[in-house]
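What follows is each chain in one-letter form.
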Amino acid sequence: MERLRITDTTLRDGHQSLWATRMQTEDMLPILERLDEIGYHSLEVWGGATFDVCIRYLNEDPWQRLRSIRAIVKKTKLQMLLRGQSLVGYSHYPDDVVERFVNKAAENGIDIFRIFDALNDIRNLQKAMEVAKKTGAHVQASVSYTVSPVHTLNHYVESALYLQDLGADSICVKDMAGLLSPYRAFDLVSAIKAKISIPLQLHTHYTGGMAIATYVKAVEAGVDVVDTASVPLAFGSSQPPVETLVRLMQDSPRATGFQLGKLFEIADYFEEVRIRRGFDRGVTRINDMRVFEHQVPGGMISNLVAQLKEQNASHRMNEVLVEIAKVREDLGYPPLVTPTSQIVGTQAVMNVLTGERYKMVPSEVKKYVQGFYGRVPAPINPEIKQKVLGKLKEIDVRPADLITPRMADAANEIGSLATSEEDILSYALFPAVARKFFEDREQIRSAESSTVSA
């Protein structure tokens with residue numbers, strides 16, 4: 001039997017889940033050669049929230065981070081998480097931005113694009129898949145896993161088949177909240193593997209504590225690849241630890257072949273980073289264990305804690321978690337992953353704090369109900385729809401069809417502050433944040449130039 005392959009998420013989802021995406025490039029570079037020697041299927045190093053956080057909080061260029069990693073990692077494929085038509089942002093971008101971004105990501109070092117859509121609306125995946133395919137990169141199309149009356153086994157099998165027909169090189173089942181139970185995983189993997197002819201990868205989070213057992217049953221059912229993190233960035237709302245899975249699989253026909261000693265050397269390094277930076281370990285809290293009821297991913301819980309703390313309403317967390325389940329049902333059972341997790345979560349907080357459901361409705365919720373994020377999995381509650389929309393009209397086309405091209409205008413707006421096409425893309429994605437980043441960069445360069453000339 002073929003050995004179990006593993007993707008390492010430490011440098012992307014691991015620190016996004018546990019450290020608010022605050023690992024810096026300087027903390028990554030010293031360990032890359034050792035990560036490259038392990039034999040991983042791929043290293044997930046880019047995408048998700050990393051792009052935004054680099055320029056917003058870390059004063060780093062995310063493109064330079066990717067190039068720096070690529071310069072060191074020679075043996076292992078580099079992977080990124082792409083939010084379909086939303087790329088690395090929180091709303092849809094026009095096709096010209098998607099096309100240039102994907103091309104530049106491949107050019108700067110991405111080998112595997114894991115592409116997903118929060119609503120599993122395949123229309124929102126097609127453009128990114130098509131462009132990534134043309135670059136010669138590996139296209140991994142994802143289905144976001146959730147539990148609802150409409151998310152049946154057949155739904156996931158049909159989605160995987162359709163994505164394979166669209167040209168996917170592999171399929172990922174993306175279980176962002178750690179909801180996939182071991183026996184359900186066995187049935188799901190078995191059903192998909194029976195129908196597709198391309199590799200199947202499983203991504204889950206430790207959140208409720210089932211992840212290791214879920215991987216074991218998925219391996220028994222024939223899953224090809226799974227995601228793990230180095231132990232200092234595992235557990236809690238992150239992935240399960242690679243060290244545990246490697247040891248567990250040693251006595252099986254699908255042993256990984258990884259050397260535990262080398263894995264623990266890497267773990268020691270990340271533990272030193274964790275302590276030096278003052279980051280927490282992954283811990284499963286009571287509210288994390290309740291994920292089976294509220295389906296809220298761990299990272300989303302952290303955001304809710306912050307929102308409620310700002311309103312001096314931390315004691316109302318349990319009410320919000322109950323309300324999230326109700327809002328999710330009202331809005332057609334969207335999987336809770338960026339950006340739908342924020343949409344549902346914000347509405348639930350408002351419902352609880354105002355004391356009246358949908359008294360206040362954010363613009364993002366209105367856009368969601370109109371259809372600007374895509375086709376929802378199940379019909380929206382008609383009464384809620386009417387209350388949210390008022391006189392606003394619904395759309396039934398692919399949302400990006402209504403967005404005008406952006407690249408030329410972005411280039412004109414940012415002008416000489418942009419020194420590359422990558423800069424223009426950063427501005428097209430996050431205009432205000434990127435402009436400030438470029439202005440700060442320009443000031444630093446000017447100061448350095450003055451020092452040299454003096």
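A few points on the structure. (Residues numbered from 1 in each chain as written. Predicted model: local features only at pLDDT ≥ 70, side-chain atom pairs only at ≥ 80, totals over all residues. Heavy atoms only, no water.)

**Things to note about the overall build of the protein chain**
Piece 1. On a plain count of helices and strands, the protein chain comes out with 22 helices and eight strands.
Piece 2. In terms of C-alpha radius of gyration, the protein chain reaches 22 Å, essentially the compact-globule figure of 22 Å for 454 residues.
Piece 3. Dimensions of the protein chain along its principal axes, counting C-alpha atoms only, are 65 × 60 × 45 Å.
Piece 4. Across the 454 residues that make up the protein chain, the buried fraction comes to 57%.
Piece 5. Of all intrachain contacts in the protein chain linking residues separated by at least 6 positions in sequence, the fraction that spans at least 24 positions is 75%. (Helix = DSSP H or I, 4+ residues; strand = E, 2+ residues; numbered from the N terminus. Rg over C-alpha atoms; globule rule 2.2 N^0.38 Å. Buried < 20%, exposed > 50% of the residue type's maximum accessible area, 1.4 Å probe, protein only. Contact = heavy atoms within 4.5 Å.)

**A few points about the pairing of strand S4 (residues 112–115)**
Piece 1. Burial along S4 is two-sided: Ile112 and Arg114 facing one way and Phe113 and Ile115 facing the other are all buried.
Piece 2. Between the parallel pair strand S3 (residues 77–82) and S4, the chain is carried across by helix H6 (residues 95–108), and the sense of this crossover is right-handed.
Piece 3. Alignment of S4 against strand S5 (residues 138–144), held across four bridges, turns out to be parallel. By the bridge assignment, Ile112 is partnered in S5 with His138. (Right-handed = clockwise from strand over helix to strand, strands pointing away. Pairing = 2+ DSSP bridges.)

**Notes on a nonpolar patch on the surface**
Piece 1. Among the surface-exposed residues, Phe372, Val397 and Leu402 lie close enough to one another that they form a single nonpolar patch of about 220 Å² accessible area.
Piece 2. In this fold, Val397 is placed in the loop between helix H19 (382–389) and helix H20 (407–414). (Patch = residues over 30% accessible without salt bridge, like charges linked within 9 Å, V, L, I, M, F, W, Y side chains within 5 Å. Areas by Shrake-Rupley, 256 points an atom, 1.4 Å probe, with all protein chains shown as cover. Salt bridge = Lys/Arg side-chain N within 4 Å of Asp/Glu carboxyl O.)

**Some details on the pattern of salt bridges**
Piece 1. The full count for this structure, using the stated rule, is 34 salt bridges.
Piece 2. Here Arg56 ties to Asp52 by a salt bridge, and the two come within 2.7 Å at their closest N and O atoms. With Arg56 and Asp52 both in helix H4 (residues 50–58) and four residues apart, the pair spans about one turn of that helix.
Piece 3. Judged by relative accessible area, which is 37%, Arg56 ranks as partly exposed.
Piece 4. Connected through salt bridges with shared partners, the residues Glu26, Asp27, Glu272, Arg276 and Arg277 form a single ionic network.

**Comments concerning the packing of helix H15 (residues 298–310) against helix H17 (residues 340–354)**
Piece 1. Packing of H15 against H17 leaves a shortest axis separation of 11 Å and a crossing angle of 35°. By crossing handedness, the relation of H15 to H17 is classed as right-handed. Contacts from Met300, Leu304, Gln307 and Leu308 of H15 reach H17 at Ser341, Gly345, Thr346, Val349 and Leu353.
Piece 2. When its residues are assigned to classes, the contact of H15 with H17 shows five nonpolar, four polar and no charged. (Axes fitted to C-alpha atoms, helices over the stretch in contact; angles between N-to-C directions. Left-handed = near helix turned anticlockwise from the far one by under 90°. Nonpolar A, V, L, I, M, F, W, Y, C, P; charged D, E, K, R; others polar.)

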